[in-house]
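This is what each chain is made of:
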Amino acid sequence: MKKKIKKLAKEKGYIILAHNYQSRDIQEIADYLGDSLQLARLATRIKDEKILFLGVDFMAETIKILNPNKKVIVPVRSATCPMANSLTSELIIDAKKKYNVPFVIYVNSTAQSKMYADFACTSANAVEIVKKIDSDTVLFGPDKNLASYVAEKTGKKVIPVPGETGYCYVHNYITKEDVLDLKKKYPKAKVISHPEVSKEIREISDYIGSTSQMEKFPKLDKGNEYIVVTEKDMVVKLRKIYPKKMFIQIDGAICNNMKKNNLKNILLALEKEQFEIEVPLEVSEKAKIPIKNMFKLMEA
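Rules of the game
Per-chain numbering applies: the sequence of each chain, read as written, is numbered from 1 onward. The model is predicted, so local features are restricted to residues of pLDDT at least 70 and side-chain atom pairs to those at 80 or more, both for listing and for counting; the totals for chains, interfaces and linings are taken over all residues. Each side-chain value is derived from all of the structure's non-hydrogen atoms; neither hydrogens nor water enter the calculation. One requirement defines pairing of two strands: DSSP has to find at least two bridges between them. Helix numbering and strand numbering both begin at the N terminus, where a helix is a DSSP run of H or I of at least 4 residues and a strand a DSSP run of E of at least 2. Simply put, an axis is a line fit to the C-alpha atoms, just over the touching stretch for a helix, and the angle between two N-to-C directions goes from 0 to 180 degrees. Whether two residues touch is decided by their heavy atoms; if any such pair falls within 4.5 Å, the residues are in contact. For each residue, the accessible area found with a 1.4 Å probe, counting protein chains only, is set against the maximum for its type, and the residue is called buried under 20%, exposed over 50%, and partly exposed in between. Handedness of a crossover is defined as follows: orient the strands so they point away from the viewer, and if the path from the first strand over the helix to the second runs clockwise, the crossover is right-handed. Convention used here: angles under 35 degrees read as roughly parallel, angles over 145 as roughly antiparallel, angles from 65 to 115 as roughly perpendicular, and any remaining angle as oblique. Left-handed describes a crossing whose near helix is turned anticlockwise from the far helix through less than a right angle; right-handed describes the clockwise counterpart. Here the term charged refers only to Asp, Glu, Lys and Arg, the term nonpolar to Ala, Val, Leu, Ile, Met, Phe, Trp, Tyr, Cys and Pro, and the term polar to all other amino acids, Gly among them. Pairing of aromatic rings covers Phe, Tyr and Trp, the last counted by its six-membered ring, and requires centre-to-centre distances within 6.5 Å; plane angles under 30 degrees mean stacked, over 60 mean edge-to-face, and any other angle means tilted. Each polar contact in these results corresponds to two N or O atoms within 3.5 Å; when the atoms are within protein, one needs to be able to donate a hydrogen and the other to accept it, and residues that are neighboring in sequence are counted only if both atoms are side-chain atoms.

Brief notes about the sheet that holds strand β1 (residues 14–19)
At step 1: Reading across from one edge, β2-β1-β3-β4 is the order of the 4 strands in this open sheet, with parallel pairing throughout. Of all the strands in the sheet, just β2 (32–34) and β4 (71–73) have a single pairing partner and so form its edges. Neighbour-to-neighbour, the strand axes of this sheet turn through a mean angle of 25°, independent of strand direction.
At step 2: For β1 and strand β3 (residues 50–54), the ladder comprises 5 bridges, and the chain directions are parallel. Within the sheet, the bridge partner assigned to leucine 17 lies in β3 and is phenylalanine 53.

Dropping the structure here:
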């Protein structure tokens, strides 16, 4: 089936982009692997006009926003993100009226919500972006844990929207005990965690970073064993990059929506060239503004 998918993608002119949290089978058929923004930016640089994206819906939307003239398809429409969906445009509008400060929107959000934000950010650059914004207070959504991490690192007041209900269930439900149990089993292992985890896990971590930052850390570090506190299939990529090092996954850290993509529906998507992602021009143009503002701050 993998051979069929690769052959058909080539015949029909599709490039396959997959998120780091996809299963091993899917990572093996991808032309490019990365986090959501890495893939969206990559899509602007490749010549291919057709993209098969394997991840969840808000990521596919971001690729379409940055590549409006390219055809973007996904194998299943129901692969979504509860955290992204927790932040509505109404919540952003109300929060901005109440506090009258800039709204920083995590790229893990819907296109509809991005329309009303001032700046976008990723888990890799959230601290840098908030530091550069000329305000001691910012609104931040939808991830409360990333908001807490940014507040710690910047010293600014970071108000989470929607608050306690805004989190990634995969990261938020990993417990300190889950990590400490693995630490007992692998005492030499360093704990590398995604900033979407809870504060109590960040406090026992040796390194905190996005998936793209996690990729770089083992190259710079002298250790050989790592407990990877994020979606479990991130270790598939890390093991491929660093075959001589050990990467230990959190078994219960599974994004069920990511796993809705499988070889069977990927093949069907290519055969029928479905399901195409469409973002209305009015939404796309407004949603692009906070992303462009993020790029400007990164270059400043």
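Overview of the sheet that holds strand β11 (residues 225–229)
At step 1: Strand order in the open sheet formed by 4 strands is β10-β9-β11-β12, with parallel pairing between adjacent strands. With partners counted over all chains shown, the strands left at the sheet margins are β10 (207–208) and β12 (246–249), one partner each.
At step 2: Inspection of the sheet shows β11 paired to β12 by 4 bridges, in the parallel sense. Its bridge partner being in β12, glutamate 225 is matched across the sheet by methionine 246.
At step 3: On top of the sheet, helix α13 (residues 211–220) reaches β9 (190–193), β10, β11 and β12; it is set at about 170° to β11, its chief contact.

A word on helix α9 (residues 144–154)
At step 1: Taken as a whole, α9 has its buried residues at Lys144, Asn145, Leu146, Ala147, Tyr149, Val150 and Thr154.
At step 2: The positive-phi residue at the C-terminal boundary of α9 is glycine 155, with phi of around 75°.

Re the pairing of strand β7 (residues 137–141)
At step 1: Along β7, 4 of the 5 residues are buried, which leaves the element largely enclosed by surrounding structure.
At step 2: Taken together, the 4 bridges between β7 and strand β8 (residues 157–160) define a ladder with parallel strand orientation. By the bridge assignment for β8, phenylalanine 140 is matched with proline 160.
At step 3: In this fold, the crossover linking β7 to β8 by way of α9 has right-handed handedness.

What to know about the packing of α13 against helix α14 (residues 234–241)
At step 1: Relative orientation of the contacting elements α13 and α14 amounts to 30°, with a least axis distance of 10 Å. The orientation of α13 with respect to α14, classified from their angle, is roughly parallel. α14 is crossed by α13, and the crossing has right-handed handedness. Facing α13, whose interface residues are Thr211, Met214 and Glu215, α14 presents Met234, Lys237, Leu238 and Ile241.
At step 2: Among the residues making up the contact of α13 with α14, the classes are represented as 4 nonpolar, 1 polar and 2 charged.

Quick look at the packing of aromatic side chains
At step 1: A full pass over the atoms with the stated rule returns 5 aromatic pairs.
At step 2: Relative to phenylalanine 247, the ring of tyrosine 242 lies with its centre 6.1 Å away and its plane at 45°, an arrangement referred to as tilted. Considered together, tyrosine 242 and phenylalanine 247 belong to a single accessibility category, that of buried residues.
At step 3: Among the aromatic residues, ring-to-ring pairing joins Tyr207, Phe217, Tyr226, Tyr242 and Phe247 into one connected group.

What about helix α15 (residues 263–272)?
At step 1: Every buried residue belonging to α15 is among Leu263, Asn265, Ile266, Leu267, Ala269 and Leu270, and all of these are buried.
At step 2: Of the surrounding elements, those touching the buried residues of α15 are α1 (2–12), β1, α2 (24–29), β3 and β4.
At step 3: At the N-terminal end of α15, a side-chain oxygen is found 3.1 Å from the backbone nitrogen of lysine 264, two or three residues along, and the residue is asparagine 262.
At step 4: Phi turns positive one or two residues past the end of α15, at glutamate 273, with a value near 50°.

Focus on the environment of asparagine 125
At step 1: As for its position among the elements, asparagine 125 is in the loop between β6 (119–121) and α8 (126–132).
At step 2: Since its relative accessible area comes to 5%, asparagine 125 is described here as buried.
At step 3: Asparagine 125 sits 85 residues away from serine 210 along the chain, and the two C-alpha atoms are 8.8 Å apart.
At step 4: At a separation of 2.7 Å, a polar atom in the side chain of asparagine 125 contacts the main-chain amide nitrogen of threonine 122.

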